[in-house]
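An overview of the molecular structure
So you can see what is in the structure, the chains are spelled out below.
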Amino acid sequence: MYTIVPYHKKCGKRKIPPHVLAFYSLSYLLLRERLGESPAVPVFLRSSRAIGGNSDQLNTTNMWVDESDVTGATTGIYFELRNAFRQNYTNQFFWGELRVGPAMWDRGTNRSLMDSDMLEVLHSLLNGGTSSVSWTNLYTCINQCNSVIKYAPSVEMSDETRSYCLGNAYFVRAYVYYWIARVWGDAPVILTPTESTGREIYPSRSPRAEVYAQVAQDIESALTHITSNAKGCYYATVDNINMLKADFALWMYAAQKGGDSYLTMAGEALDAVTRTPLLGKFADVFDVKNKANKEIAFALHVDATNEVHSASYIQRFIWGSTQVKASYRNVEGGVPVSSNQWFCYADEFIGELKRNKEQNNDQRSDVTYMERTGVSDMYEKIGWPNKFTGDWSSGTLLYDDDLILYRYAQYYMFRAELYYYRKQYKEALGELNVVAQRAYGKADFYTSATQQDVLEALAAENRWEFAEEGNLWFTYIRLGYIDTYCPLKYWPNTGVEGGVGGSTNPNIYLFPISTSAINKNSNLRQTEGWS
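What you are looking at is a predicted structure, and each value in this text was computed from that prediction instead of being measured.

Bringing the overall build of the chain into the picture now. Of regular secondary structure, the chain possesses 20 helices and ten strands. Residues classed as buried in the chain amount to 60% of the 531 residues present. Counting only contacts in the chain whose residues sit at least 6 apart along the sequence, the fraction spanning at least 24 positions is 69%. For the chain, the accessible surface area stands at approximately 20600 Å², while carbon and sulfur atoms represent 48% of it.

Under the definition given, this model contains 26 salt bridges. Lys245 serves as the salt-bridge partner of Glu220, at 3.0 Å between the closest nitrogen and oxygen. Pair noted here: Glu220 is in helix H8 (residues 208–225) and Lys245 is in helix H9 (residues 238–254), with a separation of 25 residues, a long-range link. Among the ionic pairs, Asp362 bridges to Arg364, the shortest N-O distance being 3.0 Å. Note on Asp362: relative accessible area 4%, which makes it buried. Classification of Arg364 as buried rests on a relative accessible area of 1%. Among the ionic contacts, a cluster of salt bridges with common partners joins Glu295, Asp362, Arg364, Lys387, Arg407, Arg438, Glu461, Glu465 and Glu469.

In this section: the pairing of strand S9 (residues 381–385). Of all five residues in S9, four are buried, a share of seventy percent or more. As paired strands, strand S8 (residues 369–373) and S9 are joined by five bridges and run antiparallel to one another. Considered in S9, the bridge of Met370 is made with Trp384.

Before going further, it helps to examine the packing of helix H7 (residues 159–184) against H9. In contact at an axis separation of 11 Å, H7 and H9 are set at 25° when each is read in the N-to-C sense. Here H7 is positioned roughly parallel relative to H9, judged by the angle of their axes. In the crossing of H7 with H9, the sense of the turn from one axis to the other is left-handed. Touching Phe171, Ala174, Tyr175, Tyr178 and Arg182 of H7 are Asn240, Ile241, Leu244, Asp247, Phe248 and Trp251, all from H9. When grouped by side-chain class, the residues that make up the contact of H7 with H9 number eight nonpolar, one polar and two charged.

A separate point is the environment of Val238. Within the element layout of this structure, Val238 appears in helix H9. Taking the C-alpha atoms as reference points, Val238 and His225, 13 residues apart in sequence, are found 9.6 Å from one another. Once residues lying within four places of it in the same chain are set aside, the contact partners of Val238 are Ile226, Thr227, Ser228, Asn229 and Ala272.

Mean pLDDT over the chain: 88, with 84% of residues reaching 70 or higher. Counting interchain partners and residues more than four positions distant, the pLDDT-below-50 stretch residues 1–15 has 39 contacts. Note that pLDDT drops below 50 for residues 492–497; the model gives that stretch nine contacts with residues more than four away or on any other chain.

Buried together is how nonpolar side chains tend to be arranged in soluble globular proteins. With 157 residues, the main nonpolar core has Phe85 and Trp184 as its most contacted residues. Ranked by residues supplied to this core, first place goes to H7 with 17 residues. Contact partners of Phe85, with chain neighbours within four places excluded, come to Thr90, Asn91, Gln92, Trp95, Leu138, Tyr175, Trp179, Leu300, Ser312, Leu403 and Leu405. Counting nine residues, the second largest nonpolar core, distinct from the first, contains Val324, Val337, Val375 and Tyr379.

As a further point, take the packing of H8 against H9. Angle between the axes and distance between the axes: these two values describe a pair of packed helices. Two numbers describe how H8 lies on H9: the axes approach to 10 Å, and their chain directions differ by 155°. On the basis of the axis angle, H8 is roughly antiparallel to H9. The handedness of the crossing between H8 and H9 comes out as left-handed. Contacts between H8 and H9 involve Tyr212, Val215, Ala216, Ile219, Glu220, Ala222 and Leu223 from the former and Ile241, Asn242, Leu244, Lys245, Phe248, Trp251 and Met252 from the latter.

Among the secondary structure elements, Ile219 is positioned in helix H8. Sequence separation between Ile219 and Val172 is 47 residues, and the spatial gap between their C-alpha atoms is 9.0 Å. Residues contacting Ile219, with those up to four places away along its chain left out, are Ala174, Ile241, Leu244, Lys245 and Phe248.

We now examine unusual backbone geometry. Positive phi is not limited to glycine here, since Ala292 has a value of about 55°. Structurally, the position occupied by Ala292 is in the loop between helix H11 (282–286) and strand S4 (296–300). Look at Asn361: it is not a glycine, yet its phi comes out positive at around 55°. The topology assignment puts Asn361 in the loop between helix H12 (347–360) and helix H13 (364–368). A relative accessible area of 58% means that Asn361 is categorised as exposed.

For any two aromatic rings, the description comes down to two numbers: the centre-to-centre distance and the angle of the planes. This model, assessed by the stated rule, comprises 46 aromatic pairs. Relative to Tyr345, the ring of Trp105 has its centre 4.4 Å away and its plane inclined at 35°; by these criteria the two rings are tilted. Taken together, the residues span a long stretch of sequence, with Trp105 in strand S3 (residues 105–107) and Tyr345 in strand S7 (residues 343–345) at a distance of 240 residues. Lying over the aromatic face of Tyr178, Arg182 brings its terminal NZ or CZ to 3.8 Å of the ring centre. Stacked on the ring of Phe474, the Lys or Arg Arg182 has its end atom at 4.0 Å from the ring centre.

Here we come to the environment of Ser204. Take Ser204: it is sitting in the loop between H7 and H8. For Ser204, a relative accessible area of 41% gives the class partly exposed. With 15 residues separating them along the chain, Ser204 and Val189 place their C-alpha atoms 8.6 Å apart.

The rules behind these values
Residues numbered from 1 in each chain as written. Predicted model: local features only at pLDDT ≥ 70, side-chain atom pairs only at ≥ 80, totals over all residues. Heavy atoms only, no water. Helix = DSSP H or I, 4+ residues; strand = E, 2+ residues; numbered from the N terminus. Buried < 20%, exposed > 50% of the residue type's maximum accessible area, 1.4 Å probe, protein only. Contact = heavy atoms within 4.5 Å. Areas by Shrake-Rupley, 256 points an atom, 1.4 Å probe, with all protein chains shown as cover. Salt bridge = Lys/Arg side-chain N within 4 Å of Asp/Glu carboxyl O. Pairing = 2+ DSSP bridges. Axes fitted to C-alpha atoms, helices over the stretch in contact; angles between N-to-C directions. Parallel < 35°, antiparallel > 145°, perpendicular 65-115°, else oblique. Left-handed = near helix turned anticlockwise from the far one by under 90°. Nonpolar A, V, L, I, M, F, W, Y, C, P; charged D, E, K, R; others polar. pLDDT = per-residue confidence, 0-100. Core = buried A, V, L, I, M, F, W, Y, C linked by side-chain atoms within 4.5 Å. Phe/Tyr/Trp six-rings, centres within 6.5 Å; stacked < 30°, edge-to-face > 60°. Lys NZ or Arg CZ within 6 Å of the ring centre and 35° of its normal.

As structure tokens, this is what we get:
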């Protein structure tokens, strides 16, 4: 008997034998115990046959026998990565955009709904009990990568298949550690799969420099194994690995003050990425019937018909059905409805989008934000973030949007940012105008090549192009723009000048780690400045 794990149509479904599933289940519990994020592994599992003659060690003898064990585990890496990014409070939106703050995001449902955890992230008033500070699901994904990296070399298979498995494992491990380093800074660097129940293995946090060094090493390892774009955007390709490399290098140069060698690295990485033309229509990028289109460099596939839903933060943008007239629910020209809207763009940002549409015919405005009047008996207008609204063509909303992690518009913006740091402002405008031309239908939209004007254009275009996609927080930190966009006026009660909202916290740009993890793992220490 086999259990079917859904993945996506292009690959079909992977059959995973029961002994493999049992191993993964126990390894998952051991990992959670290792990180201090869950209760200890139950005694009955500790004494089960999955534990070898040594009661503290998993028996892997029958786990990694043939090629299908390794390819199935490689598919499982993306299952775990998708799972890490589709949780309600731990996902790329909470970690990578919501903290941009009240100039961009506000309460949903006519400014009436947002729970305390959401507000803590929005206002950078985090603590160890905030739901978004857990890193468990990211480490679960890393554990899956570690298993493939450990066992793929010793299993009989073709060199091509082995390189595919190892390349994907190194790529995703680099990608996940890159998120961890930016969100939490110092963090455990775990490079072997969790196969022991011994409590002496509980990790401490490595300095962030070591986490970043591991990211760099894994990126290069991935590139030794992946040599083409043949597998497409749902797997590791030369393009998306180099997109990650460029992203990493720009971050290390600008946010970590790593020096000019990182600009060289970014340039080399971007030169290795295919210079792919953007789609003509911005809406086509996000159309659920146009998934894996040529503008997508890296995405996590979602297939709601097979119960693999995106949901995650996306569902928090959708209005509740009781607030919309029945005749307008999930119909063309109406309103996508599901449960309750917890987030909507702030009035200031909505105003920017409307002005862009009116003054410059920006085709992104209606794709990014949609508003209807006359569709509710409760409110004069109904508005919502509009990029990811699932598939409601049947009258029932299915959260069927892929989770887009890199697209080629970022390639052009990365190049513009690289030229900006090099003080080549005219060249920066040339790359920036590729994105602007699609938006406004006008060549050379930006012409002023002063340092400040290029910075303002970079900040604005990143905001208008990538809203809702979960990366703007890091972009603004790189550009040194976050405190410009989120000045003290948004937090009038703090009374002090400093980073984000006037805080004097030296680690205000990081998240604290979970108090629960600290309580269960005495080797972990809270980040300075957080409680």
